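# Observations on the model geometry
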Amino acid sequence: MHELATIARHAGTVLAGQLAIMAFGVTDTIVAGRFSSEALAALSVASAVFVSVYVSLMGILQALLPIWAEQHGKGETTAIGASFRQSLYLALGFTLLGMVILVFPEPILTWTEVPQSMQADVRAYLMIVGWALPSAMFFRLYATLNQALGHPQLVTWLQVGALVLKVPLSIWFTFGGWGLEPQGAAGCAWATLLVDYAIAIVAIVLMRRQKLYVPLQIWQRMEAPDWQRISAFLRLGVPAGLSILVEVTSFTLVALFVARQGAMAAASHQIAANLAGVCYMVPLSLGIAISARVSWWRGAGNEAQAQKLAWLGVKIALASGLVLCSSLLLARAYIPHIYTADPHVIALTSSLLLWVALYHASDSIQCVCIFLLRCWRVTVAPLVVYCGLLWGGGLGGGYWLAYKNEATSAYWSTNPMPFWIGSGLALTLVASLFVFLLHKVFQAQLADAR
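Keep in mind the model is a prediction, meaning the values are calculated, not measured. (Residues numbered from 1 in each chain as written. Predicted model: local features only at pLDDT ≥ 70, side-chain atom pairs only at ≥ 80, totals over all residues. Heavy atoms only, no water.)

## Structural notes on the overall build of the chain
Helix and strand counts for the chain stand at 16 helices and zero strands. In terms of overall dimensions, the chain is globule-like: its C-alpha atoms have a radius of gyration of 21 Å, near the 22 Å expected for 450 residues. Here the chain, with 450 residues, has 59% of them falling under the buried criterion. As presented, the chain carries roughly 18100 Å² of accessible surface, and 69% of it is formed by carbon and sulfur atoms. Once the 24 positive and 18 negative side-chain charges of the chain are each reduced to a mean point, those two points are 11 Å apart. (Helix = DSSP H or I, 4+ residues; strand = E, 2+ residues; numbered from the N terminus. Rg over C-alpha atoms; globule rule 2.2 N^0.38 Å. Buried < 20%, exposed > 50% of the residue type's maximum accessible area, 1.4 Å probe, protein only. Areas by Shrake-Rupley, 256 points an atom, 1.4 Å probe, with all protein chains shown as cover. Lys, Arg positive; Asp, Glu negative; His and termini not counted. Charge placed at Lys NZ, Arg CZ, Asp CG, Glu CD.)

## Focus on the packing of helix α6 (residues 116-148) against helix α8 (residues 185-209)
α8 packs onto α6 with a crossing angle of 25° between their chain directions and a minimal axis gap of 8 Å. Of the possible angle classes, the one that applies to α6 and α8 is roughly parallel. As α6 packs across α8, the resulting crossing turns out to be left-handed. Classifying every residue of the contact of α6 with α8 gives 25 nonpolar, one polar and one charged. (Axes fitted to C-alpha atoms, helices over the stretch in contact; angles between N-to-C directions. Parallel < 35°, antiparallel > 145°, perpendicular 65-115°, else oblique. Left-handed = near helix turned anticlockwise from the far one by under 90°. Nonpolar A, V, L, I, M, F, W, Y, C, P; charged D, E, K, R; others polar.)

## Digging into the packing of aromatic side chains
A complete count under the given rule lists 16 aromatic pairs for this structure. With centroids separated by 5.6 Å and ring planes inclined at 90°, the aromatic side chains of W311 and F442 adopt a geometry described as edge-to-face. Pair noted here: W311 is in helix α11 (residues 303-331) and F442 is in helix α16 (residues 417-449), with a separation of 131 residues, a long-range link. With 5.1 Å between their ring centres and 65° between their planes, Y399 and Y403 make a pair best called edge-to-face. Here Y403 and Y399 lie together in helix α14 (residues 380-404), a separation of four residues that amounts to about one turn. (Phe/Tyr/Trp six-rings, centres within 6.5 Å; stacked < 30°, edge-to-face > 60°.)

## Brief notes about the environment of A306
Mapped onto the secondary structure, A306 falls in helix α11. On the basis of relative accessibility, which here comes to 0%, the residue A306 falls in the buried class. In the structure, A306 is positioned 300 residues away from T6 in sequence and 14 Å away in space, judged by C-alpha atoms. When sequence neighbours within four positions are dropped, the list of residues in contact with A306 reads V294, W297, R298 and W376. (Contact = heavy atoms within 4.5 Å.)

## Section: the nonpolar core
Counting residues in hydrophobic clusters, the biggest one holds 162 residues, and the most contacted among them are W68, L126, Y142, L145, W376 and W420. With 20 residues, helix α10 (residues 263-299) is the largest single contributor of residues to this core. With residues up to four places along the chain from it excluded, the contact list for L126 reads A46, V49, F50, L102 and P105. (Core = buried A, V, L, I, M, F, W, Y, C linked by side-chain atoms within 4.5 Å.)

## Considerations on unusual backbone geometry
Positive phi values are uncommon outside glycine, yet Q217 reaches one of about 55°. Take Q217: it is sitting in the loop between α8 and α9 (227-258). Overall, Q217 belongs to the partly exposed group, its relative accessible area being 42%. In this structure, R377 is a non-glycine residue whose phi angle is positive, near 60°.

## Overview of a nonpolar patch on the surface
On the surface, F35, I171 and F175 cluster together into a nonpolar patch covering about 240 Å² of accessible area. Tracing the sequence through the fold places F175 in helix α7 (residues 153-175). Overall, the relative accessible area of 36% leaves F175 in the partly exposed class. (Patch = residues over 30% accessible without salt bridge, like charges linked within 9 Å, V, L, I, M, F, W, Y side chains within 5 Å. Salt bridge = Lys/Arg side-chain N within 4 Å of Asp/Glu carboxyl O.)

## Points about α7
With 23 residues, α7 should reach 33 Å at 1.5 Å per residue; the first-to-last C-alpha distance of 34 Å fits that figure. Of all the bends found along α7, the most pronounced is centred on K166 and spans about 25°, while P168, a proline, follows it within four residues. Where α7 is concerned, the buried positions are V155, T156, L158, Q159, A162, K166, L169, S170, F173 and T174. In this structure, the buried side of α7 is in contact with α1 (2-35), α6 and α8. Looking at the residues trailing α7, positive phi occurs at G176, about 80°. (Expected span 1.5 Å × (residues − 1). Bend = angle between axes of the 7 residues up to and from the residue.)

## With respect to the pattern of salt bridges
Scanning all chains against the criterion turns up seven salt bridges. Linking E70 and R298 is a salt bridge whose minimum nitrogen-to-oxygen distance equals 3.9 Å. On the criterion of sequence distance, the pair formed by E70 in helix α3 (residues 65-74) and R298 in helix α10 is long-range, its members being 228 residues apart. Ionic pairing is found between R298 and E303, a salt bridge with its closest N-O pair at 2.8 Å. Salt bridges sharing common partners tie together E70, R298, E303 and R377.

Laid out in structure tokens, this is it:
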């Protein structure tokens, strides 16, 4: 019960912060939707590109959590500080890569056939959030460090405070007023940029002044890059980041493929995707909390307790997934009204939420499992599973149903339904395989112990 309470407190704190950040997207979706359907459609495409880049790069940094949590379990506090300083080199390199992609998005927009009428607004949005990436990536390192130490409270307070700032800024920049011209979807990007830099600066101040960080000795002279350590980061982080890239793009690329169906389909998909993203924050928070605790026990040398907690995490993920799935099914006729007043968008979104519910039930289990697999440094096998099932089965299958299959394309080429069907079925298989893979890892470890 003590471990369950520890995990619950950690996960609950992380969840509050993640929901606050997720509310950035909810706010932007509602604000853009109230501004115009065209702004919402442009936001759908632009945010899909940004999320694909940011979350993939974030995954590389988030994958450092087991390393720092194990060092924490061993009591190697100063080693955490040295490791954090080396991680700054990693963050810098991938931040520059992400900025190039966001500031010059033309190849992506051309490949996915985003309509010319949307491209100017999409480019404007991506240019702005591209310059927000350095602050966002640094804050992700700060958040990962706190989560590894089992103290996510400061991160959550900053994220909640950021939301308080984000909401009025998004409204102001989008609709204009007080001497500012209406910016449309780009206004949401300007608000994000200002808020990201604000919380990054506050995070630096906290790291300088809070007693929590003193034993880590973070504020030492920067060493030259330790390529051996950075290589270890890359071996863990790159497969994890690529896995997240596949997972996220199998989700966000749908917005780009749906854009050709028109503003109504794009707007409906954006609302459904936003709700799926909100629900995802629950298993994400569980995965962070449980993997931090599991890695702590591994660092302390208690593998039996680590495995016991891992299976507890899978059971919690299943239960929470079923609860949220049921909630979506019960409320699917009412939720779309929060986002838009367009009756056609409301009707289409309500039908999409049937498949969003199935999607989340499986998403919950696979999300927690992949965090747990990283605790045992298993990253390549999940990447292979993701590539085959999420890209091949989910995204590829949905694209085939929508645009390439004569029996279904006549109807489904005009709405996002086939993409949700394909993704939901693919995630069900992914979740089953990840549970099996976790079981095999534990069996192999038991055999080695004998």
